[in-house]
Amino acid sequence: MLPPELPPLPALTRAEAELIDRYLEAVDLLGRINPARGGDTYRGLRAAQALVGKAVALRDALALMHRRGETELHTATLARALRVLDGERRTARVILPPGSGS
């Protein structure tokens, strides 16, 4: 049985696609660093070191959009792209897990 087909990615400019990709890479690293999610310090350290480069790439993607005259973020379109690319699960790793009730 084949897995369900994902909805198509919305039409994005090349710069918007770059922004989404760089954003999700940074989010993935932040999820690995999140101290409330467990793991070991070495894993967090490696993710933090990699985050520096990903933050620069994210900044560069936004700067490129700005230089090209793409001054507004089309949030509905970008949110759809994030959902197609599993952004909800990936960003959930950055927030605090539910409390234990104590």
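Rules of the game
Residues numbered from 1 in each chain as written. Predicted model: local features only at pLDDT ≥ 70, side-chain atom pairs only at ≥ 80, totals over all residues. Heavy atoms only, no water. Helix = DSSP H or I, 4+ residues; strand = E, 2+ residues; numbered from the N terminus. Rg over C-alpha atoms; globule rule 2.2 N^0.38 Å. Buried < 20%, exposed > 50% of the residue type's maximum accessible area, 1.4 Å probe, protein only. Contact = heavy atoms within 4.5 Å. Areas by Shrake-Rupley, 256 points an atom, 1.4 Å probe, with all protein chains shown as cover. Lys, Arg positive; Asp, Glu negative; His and termini not counted. Charge placed at Lys NZ, Arg CZ, Asp CG, Glu CD. Salt bridge = Lys/Arg side-chain N within 4 Å of Asp/Glu carboxyl O. Polar contact = N/O pair within 3.5 Å; in protein donor to acceptor, adjacent residues only side chain to side chain. Core = buried A, V, L, I, M, F, W, Y, C linked by side-chain atoms within 4.5 Å.

(A) Examining the overall build of the protein more closely. Of the regular secondary structure elements, the protein holds four helices and zero strands. Ordered by position from the N terminus, the helices and strands of the protein form the series α-α-α-α. Relative to the 2.2 N^0.38 estimate, which gives 13 Å for 102 residues, the radius of gyration of the protein is 16 Å and therefore markedly larger than a compact globule would have. Overall, the protein is about 45 × 40 × 30 Å in size when its C-alpha atoms are taken along their principal axes. Taking all 102 residues of the protein together, 23% fall into the buried category. Considering only intrachain contacts with a sequence separation of at least 6, the fraction spanning at least 24 residues in the protein is 84%. Of the accessible surface of the protein, which amounts to about 7400 Å², a share of 60% is contributed by carbon and sulfur atoms. Measuring between centres, the 15 positive side-chain charges of the protein sit 5 Å from its 12 negative side-chain charges.

(B) Spatial organisation of the side chain of E16. Here E16 lies in helix α1 (residues 14–33). For E16, which is buried and forms no salt bridge, the nearest opposite charge comes from R68, at a distance of 9.3 Å. A polar side-chain atom of E16 sits 2.9 Å from the main-chain amide nitrogen of T13. In contact with E16, not counting residues within four places along its chain, are A11, M65, E70, H74 and L78.

(C) Summary view of the pattern of salt bridges. Taken as a whole and assessed by the stated rule, the structure comprises seven salt bridges. The partner of R22 in a salt bridge is E18, with the nearest N and O atoms 2.5 Å apart. One end of the pair is R22 and the other is E18, both in helix α1 and four residues apart, which spans about a single turn. R22 gets classed as buried once you look at its relative accessible area, which sits at 14%.

(D) Main features of the nonpolar core. Counting nine residues, the largest nonpolar core consists of A15, L19, I20, L24, L58, A61, M65, L78 and A81. When residues of this core are traced back to their parent elements, those giving at least two are α1, α2 (41–67) and α3 (75–84). In terms of residue count, α1 provides more of this core than any other element does, four residues in total. Apart from the residues lying within four places of it in its own chain, the contact partners of A61 are E18, L19 and R22.

(E) View of the environment of P3. Positionally, P3 belongs in the segment before α1. On the basis of relative accessibility, which here comes to 66%, the residue P3 falls in the exposed class. Considered as a pair, P3 and I33 are 30 residues apart in the sequence and their alpha carbons are 31 Å apart.

Keep in mind that these numbers describe shape and distance, not what the molecule does.
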